[in-house]
Amino acid sequence: MNQEINPLIRLSKSVIGEGEMREVRRILENGFLGMGPETQKFEQELAGYIGGDREVCCVNTGTAALHLALQACGIGTGDEVLVPSLTFVATFQAISATGAVPVACDVDEAAVFIDVNDARRKLTSRTKAVLPVHYASAVGDLEGVYQLAKEHGLRVIEDAAHAFGGTYRGKKIGGAGDIICFSFDGIKNITSGEGGAVVTGDRTIIEYVQDARLLGVVKDTESRYRRERSWEFDVTHQGFRYHMSDIMAAIGRVQLRRLETEFTPKRRELAAYYRKRLAGMDGVSLFEGDLESIVPHIMPVRIHGGLRDAARRALTDINIQTGIQYKPNHLLAYYGGGKVKLPVAEKLYEELLTLPLHPELDNNGVDKIVMSLGAVVSGGKRGA
Ligand SMILES: *Cc1c(COP(=O)(O)O)cnc(C)c1O
């Protein structure tokens, strides 16, 4: 569609260069592709980057990180986990994979963070954990979440899939808190192709996750780091085939080195430019989030006046991809099909539009996106 006049502007994109290619080639040439010393190095480098004396265990997806973190807390059938409804379905699937019930909570309008008051209302004797999501990289009332957890003896598992590289109260996200899970899938702030990590200061959780990612084989991780395998072993709990491969770790290590020099400044610059261009545009509102401390993963805005779908169509027509992040999970058949009502999440769902954001976008692209959006919202006002 108008491919020449309107080259495709992608919603998100992996940014891979010669460095990643060279490192993958090195791994392929050494003939050891599984989990080994490269994964161990990636984990050590992640721990060094995050700081705060934390341990890191890498797995093959962010979803697997969440699943194993929950299971490591002893969460399973009969338990409940408080979670914001407005999140990627991965968050919910990770909870239900353990046998536990994800209890959908509403979000606050400012940060799209779990509404702690609603979470408090939904506590039962079966509640074992609360799982906040750092939507669009911003951290909302995290203190309220930890307060609630402390009062009721809950574990906190942070879904920080959007938030890698950001800081909160002067510490890197992951550098403090109970258990923090990251995703390194193809479009996240850094990628390892696919991938994820569990970060915590709790040694028993890390040991559990290390075994559980390798089919529950006790201490197999230590053998793998030496490029060996365990033959005489025991298994004490359910495990999965969730480990990271050295091919993935090699990509991730290069991406981690590029984050602060290339990706972080570029993402912040683009988000700041979007804000400047969209400021004061009637019918469009922005989310807050301090660009000094976050590394913006996505660029969601709210389109008012019932014009979200019209805006989406107008952008699609000129080859600009957009997204809707997210359809609230409590509306999905598997999670109740809308039996509970969550007014803020449902209202946001009608208005949310995610605009393109990735390090290879430029200000001209943003200008074009903002102009087309402006035409729709001001046209809508005339029509009204
Ligand atoms: C990407 C993402 C995940 C899952 O990560 P994968 O690596 O894709 O499995 C979980 N939660 C949120 C909010 C995400 O954006």
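Each remark here, short or long, concerns the structure printed above.
Calculation notes
- Residues numbered from 1 in each chain as written.
- Predicted model: local features only at pLDDT ≥ 70, side-chain atom pairs only at ≥ 80, totals over all residues.
- Heavy atoms only, no water.
- Buried < 20%, exposed > 50% of the residue type's maximum accessible area, 1.4 Å probe, protein only.
- Helix = DSSP H or I, 4+ residues; strand = E, 2+ residues; numbered from the N terminus.
- Pairing = 2+ DSSP bridges.
- Contact = heavy atoms within 4.5 Å.
- Near = heavy atom within 4 Å.
- Polar contact = N/O pair within 3.5 Å; in protein donor to acceptor, adjacent residues only side chain to side chain.
- Areas by Shrake-Rupley, 256 points an atom, 1.4 Å probe, with all protein chains shown as cover.
- Axes fitted to C-alpha atoms, helices over the stretch in contact; angles between N-to-C directions.

*Asks:* Which parts of the structure should I look at to understand the pairing of strand β11 (residues 299–303)?
*Replies:* If a strand is regular, its side chains alternate between the two faces of the sheet. Burial within β11 is extensive, with 5 of its 5 residues counted as buried. Of the two faces of β11, the one lined by M299, V301 and I303 and the one lined by P300 and R302 are each fully buried. With 3 bridges joining them, strand β10 (residues 284–286) and β11 adopt antiparallel strand pairing. The residue of β11 that forms the bridge with L286 is V301. Here β11 pairs with strand β12 (residues 352–355) via 4 bridges, running antiparallel. In the sheet register, P300 faces β12, and the bridge partner there is T354.

*Asks:* Before we go on, may I ask you to explain the environment of K266 in this structure?
*Replies:* Relative to the helices and strands, K266 is located in helix α9 (residues 246–278). Separated by 92 residues in sequence, K266 and H358 have C-alpha atoms that sit 8.2 Å apart. The contacts of K266, once residues within four sequence positions are left out, are P359, L361 and D362.

*Asks:* Just checking my understanding: could you explain the site of the ligand for this structure?
*Replies:* Among the 16 residues in the neighbourhood of the ligand, the closest are listed as G62, T63, D159, D185 and K188. A distance of 2.7 Å is found between a nitrogen atom of the ligand and a side-chain nitrogen or oxygen belonging to D159. Within the complex, 94% of the 380 Å² of free accessible area of the ligand lies under protein. Mapped by element, the contributors of at least two residues to the shell around the ligand are α3 (62–72) and α4 (89–97).

*Asks:* Please clarify how the sheet that holds β11 should be interpreted in this entry.
*Replies:* Pairing is antiparallel in the open sheet, where 3 strands are placed in the order β10-β11-β12. At either end of the open sheet lies a strand with only one pairing partner, and these are β10 and β12. The sheet shows a mean angle of 40° between the axes of neighbouring strands, taken without regard to direction.

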